[in-house]
Every structure is written in C-alpha cells, then in structure tokens.
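Structural characterization, general
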Amino acid sequence: MILKTLCSSLLLLVATASGAETYDLTRPQPVYSDSIGYGYDIVAPPVPKAKSPQPFFFSVRVPDGNYRVTVELGNKKRAAETTVRAESRRMMIEKCVTKKGATEKFSFMVHKRTPEIAGGGKVRIKPGEVGSMTWDDKLTLEFNGAAPYVKSITVERDDTPVTLFLCGNSTVVDQGREPWASWGQMFPRWFDDSVCVANYGESGLTASSFMAQKRLDKILSMIKPGDYVFCEFGHNDEKEKGPGTGAWYHYTVALKKFVDLVRAKEGNIIFCTPTQRRFFEKDGTLRNTHGDFPAAMRAVAQRENVPLIDLNADTKVLFETMGSEGSKHLLVHYALGTFPWQNKAFADNTHFNPFGAYEVAKLVVMGLKRMDSPLVKRLRSDWHDFSPTQPDDWKTFYWPQSPLYDGRKPDGN
C-alpha cells in the first residue's frame, strides 16, 4: 500500500512538472483523497468492463484559475455515448457518440475557485454552498450518458483564454442538482477552448448582496484586461424594502458600481435584463412581474454605454410562443412520480429545468450576435442561430440525469 501510494504521488509530481496532468482511465485509478490529490469521486467508481456503465466523477486538486481539460472519449471494445460536465453540472460536451474501437478528443476550459481572495479576504459563501463542487479545492468532471467511456483526461493550467465572468441569481448560477438548471451552466457548451466561463452567480442574491458577499471582489482579483463580466439581476432586487431601495435607486446605484469597478480593471461589462416569470394573463400574454427593473437596467446601459442583452424581452417571446401549458416544459414543473426520488409535485414558475436553461443560454448567445460581439468568433462550429419564436422541441432534448438531486427549491423567486 505504501509503495502504491508513493508511485501514485511520483506520477503526479512528474505530470505537474511537465505542466500537465494526464490520467489514463483504461488503467486502475484511485478513489479521490486529499493525500493523493486525484481520483474517482462523489459516487462509486466505474466498474471495469461493465456492459452498462454508470455515470461517474473524476476530481483533481488544483489551485484557483483556468484549466484546459482534454478528454479522449470512447472504448476499444464497445460503442460509447458520453456527455461531459464540469464542477456543478456545467455542460461541456453535450453528446459524443463513438463506434466500437473509436475515440474522439475534445478540449475545453474550466474555471476553478475557492472562497479565498488573492491579497486578502474571503467570499462569504452561503451555508448551502459550503462543501459544494462550486467552491471546493478540486476540479471535478462528471461523465454521463447512455454508455460513458473515457480513455484519458489531461488537465493543464492555462490563463490565456478570455474569461467570461457571470454575475447573477438563481436563473444564472450553476445549479448543482437535478431537476434545477440555469442558463449560466449551459453557456460554456457553445464556446471553443479560447473561452473560459466562470459562473459566480448564486441563488437569492441581489446586485448589492452579490457585492456585499465579496463575490465581485473575487472576480476583480482574477480578471484580466479584455475579460468580460455578464450581469443579470432583478428577481430578488425588486423585493428589497426600505429607504433608498427600488429600481431607480439602490438597483441603479449597484449597477453603476459594477460598471465602474469592472472598467477600472480594463474588463468589458455586459448587462442582461432579468428573465421572465411564467405568469400568463387571460389573453395569453405574459404578465410583467419585474416592474421598472428591466427599464432601469436599460437606462443605466444607455447612459453608461454598456452593451445589453434583453433577456426580459426575449424570454417573453419564448414563453408566449410556447403558451401557458407548453412553457411549463421550460421550468421545474413535474408531476409527482416523474423522478424516483421525488416526494412532491413541482410547479415552479421562476426556475428553469435543463431544457429551459439550454434555450435561454441560446438567447444570450444570440444577444451577443446582435451586438456583433468579438466573442461570436469564438463559438463552436456546431452553433446554429436560434429564435425564441422557433424553440427547440423539449421532447427530443437530450439531458442524461445527474445522480445528484435535490427536491428543495433554490433561494429566491
């Protein structure tokens, strides 16, 4: 056992010295431990030569930063179908199908962070975030699908790609467990490996509480000139009460702080108006539940010359196109018995399911295209333009369920 651990440590040291760590998953790998620093994690390791392989996770302990991950997917003896997600269910590879004996390589960027802030201080994460894959000291990959087979994983620090930092609430955050999802965790799927998406959103936050918890401080400690900060708030800001609050006061002041602080670091800021809630009027149109908040964000964007993606307008079209009943398929609306672990029916009109999050992520990309953003040149070759008047078919949407689930509703509404 001592010899085995020593050999594993030496292999890790050699890999680190070369600037990259490569793990051959066709050979036995350890279960993750702090002493080893890499290995199978979260659920039981895959069973060798299994005819029906189950989803599995693999983690590598790394410092904060951006990492280029290269995976070789497939199996020499069996056909494979593999989906790859990173950290808290960030979609990286939507679906890779390989024939028996064939493999395919993919490279993508993963942002990893802990609460510690370079230069001092610490992000004040919420109790529910403690111990999550979002804020731990590991880079974790989830391999899922009908037949997930992985030949190798290579992890290498790479700070050259442009980073897209996402700021927002439960409609943006990397939702770590089924059946919840947000557009921020689907966003990485559409960019090549010259882009790294770093999602700092968290459920229940306002623009002001995001800053008060030092999440923006953490971003500003890591941002490079030319990086981007996407900012979507409003759902929770509109519930703030007291002197100085409201769309035209506290909210606009907070947005102006985002603009000034990001630009002081030579970053690019983009506003996203808040996504709609599913509340239909009798005539089939969507009710505005956000009051003046979308208009206030538009006003700040115009005054400060901030590019804006109008998700409020785009999701209104999306919801109305799908209709009162059809739009339930965008959200966490599931009858009791849909999932084996479910103990109550879900009827949430704010929080997206994976399909809805996928559609909204496409709206964000289309917003970048409308503003002729340089980021459009970094889209993957399989991107196809999207219109909310012609949504994808929810019945054919492919999302293999993660083994991690939670029936509790995210904070905020």
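Counting of residues starts from 1 at the beginning of each chain's written sequence and follows it residue by residue. Local features in this predicted model are restricted to residues whose pLDDT is 70 or higher, and side-chain atom pairs enter the listing and the counts only when it is 80 or higher, whereas totals over whole chains, interfaces and linings include all residues. Hydrogen atoms and water are omitted, and side-chain values are computed over all heavy atoms in the structure.

It is worth spelling out the sheet that holds strand 5 (residues 80–86) at this point. At least two bridges found by DSSP between two strands are what make those strands a pair. The helix count covers DSSP runs of H or I at least four residues long, the strand count covers runs of E at least two residues long, and both are numbered beginning at the N terminus. Ordered by their spatial adjacency, five strands build an open sheet running 2-3-8-5-6, and the pairing between neighbours is antiparallel. Here the strands that pair on one side only, and so sit at the sheet edges, are strand 2 (38–41) and strand 6 (90–98). In this sheet, neighbouring strand axes are inclined to one another by 20° on average, regardless of whether the strands run parallel or antiparallel. By the bridge criterion, four bridges tie strand 2 to strand 3 (residues 56–61) in an arrangement that is antiparallel. Opposite Asp41, over in strand 3, you have Phe57 as the bridge partner. A fitted line through C-alpha atoms represents every axis, and for helices the fit uses only the stretch in contact; the resulting angles, taken between N-to-C directions, go from 0 to 180 degrees.

Turning to the side chain of Lys112, a few remarks are in order. When you line up the elements, Lys112 lands in strand 7 (residues 103–112). Here Lys112 falls in the buried class, since its relative accessible area comes to 1%. A distance of 3.1 Å separates a polar atom in the side chain of Lys112 from a polar atom in the side chain of Asp64. For this analysis, residues touch if any pair of their heavy atoms sits within 4.5 Å. Setting aside chain neighbours within four positions, we find Lys112 in contact with Val62, Pro63, Asp64, Gly65, Glu87, Asp136, Asp137, Lys138, Leu139 and Met222. A 1.4 Å probe rolled over the protein chains alone gives each residue an accessible area, and that area as a share of the maximum for its type sets the label: buried under 20%, exposed over 50%, partly exposed in between. The term polar contact refers here to a pair of N or O atoms within 3.5 Å; inside protein, the definition further demands a hydrogen-donor-capable atom paired with an acceptor-capable atom, and it admits residues adjacent in sequence only when both atoms are side-chain atoms.

Time to look at the confidence of the model for the protein chain. Chain-level pLDDT for the protein chain is 94 on average; 96% of the residues reach the 70-or-more range. pLDDT is a per-residue confidence score from the predictor, ranging from 0 to 100. Taken as a whole, residues 1–18 scores under 50 in pLDDT and shows nine contacts with residues more than four places along the chain or in a different chain.

Two aromatic rings, drawn from Phe, Tyr or Trp (for Trp, its six-membered ring), form a pair once their centres lie within 6.5 Å of each other, and the interplanar angle then sorts them: stacked below 30 degrees, edge-to-face above 60, tilted otherwise. Within the structure shown, the criterion is met by 23 aromatic pairs. Their ring planes at 90° and their centres at 5.5 Å tell us that Trp183 and Phe187 sit as a pair that is edge-to-face. We call a charge positioned over a ring when the NZ of a Lys or the CZ of an Arg lies within 6 Å of the ring centre and within 35 degrees of the ring normal. Over the face of the ring belonging to Tyr398 we find Lys95, whose NZ or CZ atom lies 4.5 Å from the ring centre. It is Lys138 that lies over the ring of Tyr32; its NZ or CZ is 4.7 Å from the centre.

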